Amino acid sequence: MIVCGVELKSNEAIVCLMTLTDGLFSLPDCRASRIPLPNLENTESIRAFQSTFSKLMEDYKVEKIVIRERLQKGKFAGGALGFKMEAAIQLIARLKIEVLAPSAIKAAIAAHSVPVRFEETGLKPFQEVAFITAYASFAQGFKI
C-alpha cells in the first residue's frame, strides 16, 4: 500500500510517499515534494490545486492520504488557507483520507519508534512532519 503523508503549511501541501511491503518501509521518489496554492481568493486556483494533487496521487497509485491535523483554536491554530487546502484534498472522491491528530501521531511513534533516523532517509528537511505522519499511519496498524 502506498500512503502519502501530508503537512499543510502556509500556502502549500508538503508530501511524503511511503510504502510498507513485507514489513519493510520504502520511500518512493516523487516528482513533487510541495504542492502550492498561490491564490486563496480565486476559485480556479483552488480547483487547480485539487487537480494537481489528485493527479500526483493518481500517477503514483497512492491508496491513502494521511493529513496531520491542525488545531482550530489557540496559539498553534491553522489558518484559513490550510483549511481550504484540507477540504480540497478531502473532496477527492477516489482516495481514502485520514486526518491524524498530533497526539495520535506522538502516541504511535512512542509505541513504534521510527527504525531509521530522518537524516538517513534522503528526504528534504521540510518533509519531516509529512514523513512522521505517514509512518504514524502505518504504526497505528502494527500489532504488539
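Preceding this section is the structure that the text describes.
Read on for a plain summary of the structure. (Residues numbered from 1 in each chain as written. Predicted model: local features only at pLDDT ≥ 70, side-chain atom pairs only at ≥ 80, totals over all residues. Heavy atoms only, no water.)

When its secondary structure is counted, the protein chain shows four helices and six strands. Reading the protein chain from its N terminus to its C terminus gives the helix and strand order β-β-β-β-α-β-α-β-α-α. Taken against the 2.2 N^0.38 rule, which gives 15 Å for 144 residues, the C-alpha radius of gyration of the protein chain at 15 Å falls within 12% of a compact globule. Per-residue burial for the protein chain yields a buried fraction of 39% across its 144 residues. Partitioning the contacts of the protein chain with sequence separation of at least 6, the portion at a separation of at least 24 is 65%. Carbon and sulfur atoms form 54% of the exposed surface of the protein chain, whose accessible area is close to 8,200 Å². Treating the 18 positive side-chain charges of the protein chain as one cloud and the 15 negative ones as another, the clouds have centres 4 Å apart. (Helix = DSSP H or I, 4+ residues; strand = E, 2+ residues; numbered from the N terminus. Rg over C-alpha atoms; globule rule 2.2 N^0.38 Å. Buried < 20%, exposed > 50% of the residue type's maximum accessible area, 1.4 Å probe, protein only. Contact = heavy atoms within 4.5 Å. Areas by Shrake-Rupley, 256 points an atom, 1.4 Å probe, with all protein chains shown as cover. Lys, Arg positive; Asp, Glu negative; His and termini not counted. Charge placed at Lys NZ, Arg CZ, Asp CG, Glu CD.)

What follows is about helix H4 (residues 128-140). Taking 1.5 Å per residue, 13 residues should reach 18 Å; H4 reaches 18 Å between its end C-alpha atoms and fits that length. Three or more residues of H4 are buried, namely Ala-130, Phe-131, Thr-133, Ala-134, Tyr-135, Ala-136, Ser-137, Phe-138 and Ala-139. In this structure, the buried side of H4 is in contact with strand E1 (2-9), strand E2 (12-21), strand E3 (24-26), strand E5 (64-68), strand E6 (96-100) and helix H3 (102-111). (Expected span 1.5 Å × (residues − 1).)

All right, on to the side chain of Thr-133 then. Looking at the element boundaries, Thr-133 is found in helix H4. Judged by relative accessible area, which is 0%, Thr-133 ranks as buried. Beyond its immediate stretch of four places on either side in the chain, Thr-133 contacts Val-6, Val-66, Ile-67, Arg-68, Leu-100 and Ile-105.

Another aspect to go through is the packing of aromatic side chains. All chains considered together, the criterion is met by four aromatic pairs. An aromatic cluster of three or more residues is present, and its members are Phe-25, Tyr-135 and Phe-138. One cation-aromatic arrangement involves Arg-34 over Phe-126; the distance from NZ or CZ to the ring centre is 3.6 Å. If you follow Arg-70 out to its NZ or CZ, it ends over the ring of Phe-83, 4.1 Å from the centre. (Phe/Tyr/Trp six-rings, centres within 6.5 Å; stacked < 30°, edge-to-face > 60°. Lys NZ or Arg CZ within 6 Å of the ring centre and 35° of its normal.)

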